[in-house]
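Observations on the three-dimensional arrangement
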There are 2 protein chains.
Amino acid sequence: MEMRKPSRGRPRSFDEDAVLDAVMRAFWEHGYEGTSVATLEAATGLKAPSLYGAFGSKEVLYRTALERYASEHGTVLRPDGPAREAISEFLYEAADRFSESGLPPGCMVSTAALALGTAQRAVATRPARMRSETLAGIEQRLRTAVTEGELPAGTDAGALARLFGAVIQGMSVQAIDGATRQELRGLATAAMAAWPR
Amino acid sequence: MEMRKPSRGRPRSFDEDAVLDAVMRAFWEHGYEGTSVATLEAATGLKAPSLYGAFGSKEVLYRTALERYASEHGTVLRPDGPAREAISEFLYEAADRFSESGLPPGCMVSTAALALGTAQRAVATRPARMRSETLAGIEQRLRTAVTEGELPAGTDAGALARLFGAVIQGMSVQAIDGATRQELRGLATAAMAAWPR
DNA sequence: TCATTTCTGTAGTAGTCGCTAAATAATGAT
DNA sequence: ATCATTATTTAGCGACTACTACAGAAATGA
């Protein structure tokens, strides 16, 4: 992907990956507008020009951090096996991830950029698309389960997908509000009772 | 509640209630940090000194608007009748309210102040408590339903309450993401399948 | 009419926002 | 050593933030 430039000139004094990790945590915890460049300086130990030199702008920094979050802390639906187990695992994994000690609570995507000033609306587009893709992924999985007979014909796959998506998003809110891992797991268990039979 | 001051001096040139309504909509749509005083001036047609004279500060203005939202656009659990119907109505009413045309989408409380800078954390306290109280209210209603035999003994009322709370919160996120009223109602229907039997 | 009270608009405050020009430092190439 | 290139630091940019001193306007009671 990334071309390693032949190292001419003064080398970077920081590990770009570690810095991006710190940036991600800051945005994860305080959101886009709640995280100032001064906050990022404090979180990374770098000065603004270094951040801007390495990444470009606060907006790009946020997007990069968001992609990193998705790839390192995101949850994906297991593509094989029964759909019911895939969904169940998905919910329990979310419960665990949203309550991971040493990491900010909740999901960076679920609660990202829900309320923004008009100027920064461009920032909200990407997380909104991520949420949309998650819903679509769940729905597709459920549709397949219907055609394969795991779910009864006539099951409203779209509504069911929205339900499980809502459960994830609500778990994120409750994690931020201080719900424990045990409570989130109980929530996941209760949600699985909505599985059609 | 409010003492009407004996009207000496120049009277207000604006309807305080209408102004507070406009302020509420602005905060509802753009959140606390996403709404600047300049935004509020544009939304109300007033200048800052009038707003500050009538209310006090942006923080007080937000709290006042939030209380107004809760009393005028909030949903309460019907205290009588079967718990199942109360919860069901609660979900459908939320689906309708979150997709009311002419009003901002989603719930001002569910998605309020989830990610804030450390300085404004005081603002997040009140909506967080409101969410907590909603959860507690649902749980109490379910507990009663267990003791009255409407729900099977051994039902995890706490987990079930968290589930329905999460559904509300997730519906709010999806409403903001553009879900239609019909889709939200379908979500509510799917959620009610989790009701123990 | 006059003084008093209260509100409104003008015009600003100090502080923070995201961002960057310019100087300095550290490296590889010659 | 000297140059070219890149990174970091200092210092500060204009724009915006929440907020307010002040003066004028509009109502009141005396």
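Note: the structure precedes this text.
Residues numbered from 1 in each chain as written. Chains lettered and ligands numbered in written order. Predicted model: local features only at pLDDT ≥ 70, side-chain atom pairs only at ≥ 80, totals over all residues. Heavy atoms only, no water.

1. Here we look at the pattern of salt bridges
For clarity, the threshold we go by: What makes a salt bridge here is a side-chain nitrogen of Lys or Arg within 4 Å of a carboxyl oxygen of Asp or Glu, nothing more. Secondary structure elements follow DSSP: runs of H or I of four or more residues count as helices, runs of E of two or more count as strands, with numbering from the N terminus. Exposure categories follow from relative accessible area, calculated using a 1.4 Å probe and restricted to protein chains: below 20% of the type maximum is buried, above 50% is exposed, and the middle band is partly exposed.
Going through the model one piece at a time under the given rule, you end up with 34 salt bridges over all chains. In this structure, Arg68(A) engages Asp17(A) in a salt bridge whose closest nitrogen and oxygen atoms are separated by 3.4 Å. Residue Arg68(A) is located in helix H4 (residues 58-73), and its partner Asp17(A) is located in helix H1 (residues 16-30); the two are separated by 51 residues in the primary sequence. Residue classification places Asp17(A) among the partly exposed residues on the basis of a relative accessible area of 45%. With a closest N to O distance of 2.6 Å, Arg126(B) and Glu67(B) form a salt bridge. Placement of the pair is Arg126(B) in helix H6 (residues 121-147) and Glu67(B) in helix H4 (residues 58-73), with a sequence separation of 59 residues. We classify Arg126(B) as partly exposed; its relative accessible area is 27%. A residue is classified by how much of its surface remains accessible, and Glu67(B), at 33% relative accessible area, is partly exposed. Beyond isolated ion pairs, a larger network of salt bridges with shared partners links Asp17(A), Asp21(A), Arg25(A), Arg68(A) and Glu72(A).

2. Description of empty space enclosed by the protein
For clarity, the cut-off: Buriedness for pockets is judged along seven lines, at least five of which must meet protein on both sides within 12 Å for an open set on the 1 Å grid over protein atoms alone, while cavities are sets there where a 1.4 Å probe fits but cannot get out, and lining residues have an atom within 4 Å of a point. Grid points are joined across faces, edges and corners, and a volume is the space filled by probe spheres set on the points. Three classes are used, and their members are as follows: Ala, Val, Leu, Ile, Met, Phe, Trp, Tyr, Cys and Pro are nonpolar, Asp, Glu, Lys and Arg are charged, and the others, Gly among them, are polar. Here the bounds of each domain stem from an automatic or database domain assignment.
As enumerated under the stated definition, the model contains 3 cavities of 30 Å³ or more in all. Estimates place the volume of the largest cavity at around 50 Å³. Ala115(A), Phe27(B), Trp28(B), Gly31(B), Tyr62(B), Met108(B), Thr111(B) and Ala112(B) are the residues that line the largest cavity. Within the lining of the largest cavity, the residues separate by chemical class into 6 nonpolar, 2 polar and no charged. Of the domains in this structure, domain 1 (16-70) and domain 2 (75-192) of chain B are the two that each give at least three residues to the lining of the largest cavity.

3. Some details on the protein's contact with DNA strand D
For clarity, the cut-off: We call a residue near a given molecule or strand whenever any one of its heavy atoms falls within 4 Å of it. The definition of a polar contact used here is a pair of N or O atoms within 3.5 Å, where within protein one atom must be able to donate a hydrogen and the other to accept one, and adjacent residues in sequence count solely through side-chain atom pairs.
Close to DNA strand D lie 23 residues; Arg8(A), Arg10(A), Ser13(A), Val37(B) and Tyr52(B) are nearest. A breakdown of the atoms of DNA strand D within 4 Å of the protein gives sugar and phosphate a share of 72%. At 3.5 Å, a side-chain N or O of Ser36(B) approaches a phosphate oxygen of DNA strand D. Counting only elements with at least two residues in the surface near DNA strand D, the list comes to helix H3 (48-54) of chain A together with helix H3 (48-54) of chain B. The dominant element in the surface near DNA strand D, judged by the number of residues it contributes, is H3(B), at 3 residues. Its residues assigned to classes, the surface near DNA strand D comprises 8 nonpolar, 8 polar and 7 charged.

4. Description of the packing of helix H5 (residues 83-98) of chain B against helix H8 (residues 181-192) of chain B
Residues and elements named next belong to chain B. Counted only if it meets this: Axis angles are defined between N-to-C directions and span 0 to 180 degrees, where every axis is a line fitted to C-alpha atoms and, for a helix, only to the segment in contact. When describing relative orientation, an angle under 35 degrees is termed roughly parallel and one over 145 degrees roughly antiparallel, while 65 to 115 degrees is termed roughly perpendicular and anything else oblique. Handedness of a crossing is defined here by the sense of rotation of the near helix relative to the far one, left-handed for an anticlockwise turn of less than a right angle and right-handed for a clockwise turn. Any pair of residues with heavy atoms lying within 4.5 Å of one another is described as a contacting pair.
Where H5 contacts H8, the axes come no closer than 8 Å and their chain directions differ by 160°. What the angle tells us is that H5 and H8 run roughly antiparallel. Of the two possible hands of crossing, H5 and H8 adopt the one that is right-handed. Residues Arg84, Ile87, Ser88, Leu91, Tyr92, Ala95, Asp96 and Phe98 of H5 form the contact with H8, whose participating residues are Arg181, Leu184, Arg185, Ala188, Thr189, Ala191 and Met192.

5. Topic: the relation of the copies chain B and chain A
Here is the rule: To line up the copies, we fit them by least squares on C-alpha atoms, keeping just the residues with pLDDT of at least 70 in both.
Rotating chain B by 180° and moving it 0.0 Å along the rotation axis overlays it on chain A with an RMSD of 0.1 Å. A rotation of that kind, with that shift, is consistent with a two-fold axis. In terms of C-alpha distance to the rotation axis, chain B has Ala194(B) as its closest residue, with the C-alpha 2.0 Å off the axis. Most of the interface of chain B is mirrored in chain A, where 100% of its interface residues again form contacts.

6. Section: H4(B)
All names here are of chain B. Here is the rule we go by: Multiply 1.5 Å by the residue count of a helix minus one, and that product is the helix's expected span. By arc we mean the arc of the directions from the helix axis to the C-beta atoms, nothing more.
Helix length check: H4, at 16 residues, gives a terminal C-alpha distance of 21 Å against a target of 22 Å (1.5 Å per residue), a fit within 8%. Of the residues making up H4, those classed as buried are Lys58, Leu61, Tyr62, Ala65, Leu66, Arg68, Tyr69 and His73. Mapping the buried residues of H4 onto a view down its axis gives an arc of 165°, with all of them on the same face. Lining the buried residues of H4 we find helix H1 (16-30), helix H2 (37-44), H3, H5 and H6.

7. Describing the protein's contact with DNA strand C
Inspection of the region around DNA strand C gives 22 residues, with Val37(A), Tyr52(A), Lys58(A), Gly9(B) and Ser13(B) positioned closest. The protein-proximal atoms of DNA strand C, defined as those within 4 Å of the protein, are 75% sugar or phosphate. Contact distances for DNA strand C include 3.5 Å between a base nitrogen and a side-chain N or O atom of Arg10(A). With respect to DNA strand C, the side chain of Arg12(B) contributes an N or O atom lying 3.4 Å from a phosphate oxygen.

8. Description of the interface of chain B and chain A
We count it as follows: Buried area: the accessible surface (1.4 Å probe) lost by two parts on joining, summed over both.
Taken together, the 39 residues of chain B in the interface contact 39 residues of chain A. Of the roughly 2900 Å² buried where chain B meets chain A, counting both sides, 59% is carbon and sulfur surface. Of all residues in chain B, the largest losses of buried area upon contact with chain A belong to Leu114(B), Arg162(B) and Gln174(B), amounting jointly to 21% of the total for that side. Remark: the boundary between chain B and chain A carries 4 salt bridges.

9. Some remarks on the packing of aromatic side chains
This is how the line gets drawn: A pair of aromatic rings is counted whenever rings of Phe, Tyr or Trp (Trp by its six-membered ring) have centres within 6.5 Å, and the orientation is called stacked for planes under 30 degrees apart, edge-to-face for over 60 and tilted otherwise. Counting as a charge over the ring demands two things of the Lys NZ or Arg CZ atom: a distance within 6 Å of the ring centre and an angle within 35 degrees of the ring normal.
Here the structure, examined in full by the defined rule, presents 10 aromatic pairs over all chains. Measuring from ring centre to ring centre gives 6.0 Å for Phe27(A) and Tyr32(A), while their planes differ by 15°; the resulting arrangement is stacked. Note on Tyr32(A): relative accessible area 8%, which makes it buried. With a centroid separation of 6.2 Å and 35° between ring planes, the pair formed by Phe164(B) and Trp195(B) is classed as tilted. In this pair, Phe164(B) is assigned in helix H7 (residues 157-176) and Trp195(B) in the segment after H8, connecting sequence segments 31 residues apart. Like Phe164(B), the residue Trp195(B) is buried in the burial classification. Here the aromatic residues Phe27(A), Tyr32(A) and Tyr62(A) are joined through ring pairs into a cluster of three or more. A cation over an aromatic ring shows up here: Lys58(A) above the ring of Tyr32(A), its NZ or CZ 4.3 Å from the ring centre.

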